[in-house]
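# Structural characterization, general
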Amino acid sequence: MRNDNVKRIDPTKNYTRNVYARILDFFKNLKRLSINQAFISSHRVLSLHDLPSDTFFSSTLTHLCINVANFDDCLYLLDGRLKQLTTLIVRAFAMVNYSSIAQNMVNSSFILFYLVYELLVRVFYFIKVYVFINISFYNIG
Amino acid sequence: MSRSNVHLLDLSDEILLIILKKLDNIDVLYSLLNINNERLNNLVQEKTFSNILNFVSTDDISSIDRCKLDRFCIDILPKIHNNVKCFILEPVSMERILRAADYPNLTELRLFNFKEEIALSYLISKHNIDYMMFYYSFF
């Protein structure tokens, strides 16, 4: 099941590399980036899992609005690669990428608690953080 | 009761500006720049008519037509290129518009239905861009 998951999100990796990462590489002074989709689509979401940590890196971006593949992509976004970020608006396509969560965290409410905790310890210097999660994926665990 | 004989062009510059500001910038430039009227020609070169240019049709019938686009790329954009701060574009016309002139003051790009295959490399004055917005209307 995990292999299926990885295969399914591959196109999003390409999109992340070819579009989102390239935009930040190319526009060296970009301060605000906003991706608005009328329909949330699984192949145009940002997915940073398994990509090098200098992917989607910026020292100027302060405002980001984007759709991500999983909740843990929020955590990747907040791992220091976007140094100046003060506003983050994120819509997560799914709750978790199961391959990235430790095997023993099978209890779903614990996963939620763990992810929210991980998010909160990273955002203390933020002005605004909005996270929208598609909770229906959450019951799988 | 006598009808007033005042024509549009008898109005003061200030009044004309107030009227023109109610219109879409693209329409103002397309209709009044480089026509045989020196006064209108000067008026519509005011920065306010070229700082935000929206080339995405809102009438949802078709994108900007060929002839209009030609006039913008050949005639209009090279005249007002220094004033443009924000472009609202879609794939079909994006490349021509961005290649038509240098835009030293362009800081904001809003792109509709951007496609992965479109190379970003032709974006001129890319170092000035500080705000990008993408809209996707399809799945």
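Note that the structure is a prediction, hence the values are computed from the model and not measured. Every chain is numbered independently, its residues counted from 1 as its sequence is written. Chains and ligands are labelled by the order in which they are written, letters from A for the one and numbers from 1 for the other. This being a predicted model, a pLDDT of at least 70 is required before a residue's local features are given, and a value of 80 or more before pairs of side-chain atoms are given or counted; all residues contribute to the totals for chains, interfaces and linings.

## Looking at the overall build of chain A
Counting its secondary structure elements, chain A contains four helices and four strands. Numbering of helices and strands runs from the N terminus; a helix is a DSSP stretch of H or I covering at least four residues, while a strand is a stretch of E covering at least two. Starting at the N terminus, the α and β elements of chain A follow one another as α-α-β-β-α-β-α-β. Here exposure depends only on C-beta density: within 10 Å of a residue's C-beta, 20 or more other C-beta atoms make it buried, 12 or fewer make it exposed, and intermediate numbers make it partly exposed, the C-beta atoms being placed from the backbone. Burial analysis of chain A (141 residues in total) assigns 29% to the buried set. Residue pairs are scored as contacts if the distance between their C-beta atoms, which are placed from the backbone, is within 7 Å. Expressed as a percentage of contacts within chain A between residues at least 6 apart in sequence, the contacts between residues at least 24 apart total 80%.

## Here's the deal with the packing of helix α4 (residues 66-80) of chain B against helix α5 (residues 91-99) of chain B
Residues and elements named next belong to chain B. Fitted lines through C-alpha atoms give the axes, limited to the stretch in contact for helices. The angle between two N-to-C directions lies from 0 to 180 degrees. Where α4 contacts α5, the axes come no closer than 10 Å and their chain directions differ by 20 degrees. The pairing of α4 with α5 is recorded here as roughly parallel in orientation. Here the hand of the crossing between α4 and α5 comes out right-handed. Where α4 approaches α5, its residues Leu-69, Cys-73 and Leu-77 are matched on the opposing element by Ser-93, Arg-96 and Ile-97. For this classification, Asp, Glu, Lys and Arg are treated as charged, while Ala, Val, Leu, Ile, Met, Phe, Trp, Tyr, Cys and Pro are nonpolar and the rest, including Gly, are polar. Residue classes in the contact of α4 with α5 are distributed as four nonpolar, one polar and one charged. Angles are sorted into four bins: roughly parallel if under 35 degrees, roughly antiparallel if over 145, roughly perpendicular if 65 to 115, and oblique for all others. Crossing handedness is read from the near helix: turned anticlockwise from the far helix by less than a right angle, it gives a left-handed crossing, and turned clockwise, a right-handed one.

## Let's talk about unusual backbone geometry
All names here are of chain A. Even without glycine at this site, Asp-50 takes up a positive phi of about 75 degrees. With respect to the element layout, Asp-50 can be found in the loop between β1 (32-37) and β2 (63-70). Judged by the 13 C-beta atoms lying within 10 Å of it, Asp-50 falls in the partly exposed class. You will see that Phe-56, though not glycine, has its phi angle at about 55 degrees, which is positive.

## What to know about α4(B)
Residue and element names in this part refer to chain B. Taking 1.5 Å as the rise per residue, α4 with 15 residues should run 21 Å; its terminal C-alpha atoms sit 20 Å apart, in good agreement. Bend angle per residue: angle between axes fitted to the 7 residues ending at that residue and the 7 residues starting there. Maximal helix bending in α4 amounts to about 45 degrees, located at Phe-72. Every buried residue belonging to α4 is among Phe-72, Ile-76, Leu-77 and Ile-80, and all of these are buried. At its buried positions, α4 is contacted by α2 (25-32) and α5. For a helix, the expected span equals 1.5 Å multiplied by the residue count minus one.

## Focus: the interface of chain B and chain A
Taken together, the contact pairs 15 residues of chain B with 21 residues of chain A. Taken together, the residues of the side of chain B that touches chain A sort by class into nine nonpolar, three polar and three charged. Strand pairing is defined by DSSP finding a minimum of two bridges between the two strands. Sheet topology note: the β1(A)/strand β4 (residues 131-136) of chain B ladder contains six bridges and is parallel. Note on β4(B): the bridge partner recorded for A:Arg32 is B:Tyr131.

## What to know about the environment of A:Ala92
Residues and elements named next belong to chain A. Here Ala-92 is to be found in strand β3 (residues 87-94). Judged by the 23 C-beta atoms lying within 10 Å of it, Ala-92 falls in the buried class. Counting along the chain gives 18 residues from Ala-92 to Cys-74, while the straight-line C-alpha distance between them is 8.3 Å.

## Details of α5(B)
Residue and element names in this part refer to chain B. Turning to α5, its buried residues number three or more, namely Met-94, Ile-97 and Leu-98. The buried residues of α5 occupy an angular sector of 90 degrees when projected down its axis, which confines them to one face. In this structure, the buried side of α5 is in contact with α4 and β2 (86-89). Directions drawn from the helix axis to the C-beta atoms are what define this arc.

## What to know about the confidence of the model for chain A
Residues and elements named next belong to chain A. Values of pLDDT, ranging from 0 to 100, describe the predictor's confidence in every residue of the model. Mean pLDDT over chain A stands at 75; residues scoring 70 or higher make up 67%. The least confident element of chain A is helix α1 (residues 2-8), whose mean pLDDT is 49; the most confident is β1, at 90. Confidence drops under pLDDT 50 across residues 1-7; counting only partners more than four residues distant or on other chains, this segment forms six contacts. Confidence over residues 137-141 falls short of pLDDT 50; this stretch has seven contacts with residues more than four positions distant or in other chains.

## What to know about the environment of B:Leu23
Residue and element names in this part refer to chain B. Tracing the backbone through its elements, the reader meets Leu-23 in the loop between α1 (13-21) and α2. On the neighbour-count criterion, Leu-23 (13 C-beta atoms within 10 Å) is partly exposed. Spatially, the C-alpha atoms of Leu-23 and Phe-49 are 9.3 Å apart, while their sequence positions differ by 26 residues.

## Points about the environment of B:Leu53
Looking at where B:Leu53 falls in the secondary structure, it is placed in strand β1 (residues 52-54). For the pair B:Leu53 and B:Phe87, spaced 34 residues apart in the sequence, the C-alpha separation amounts to 5.1 Å.

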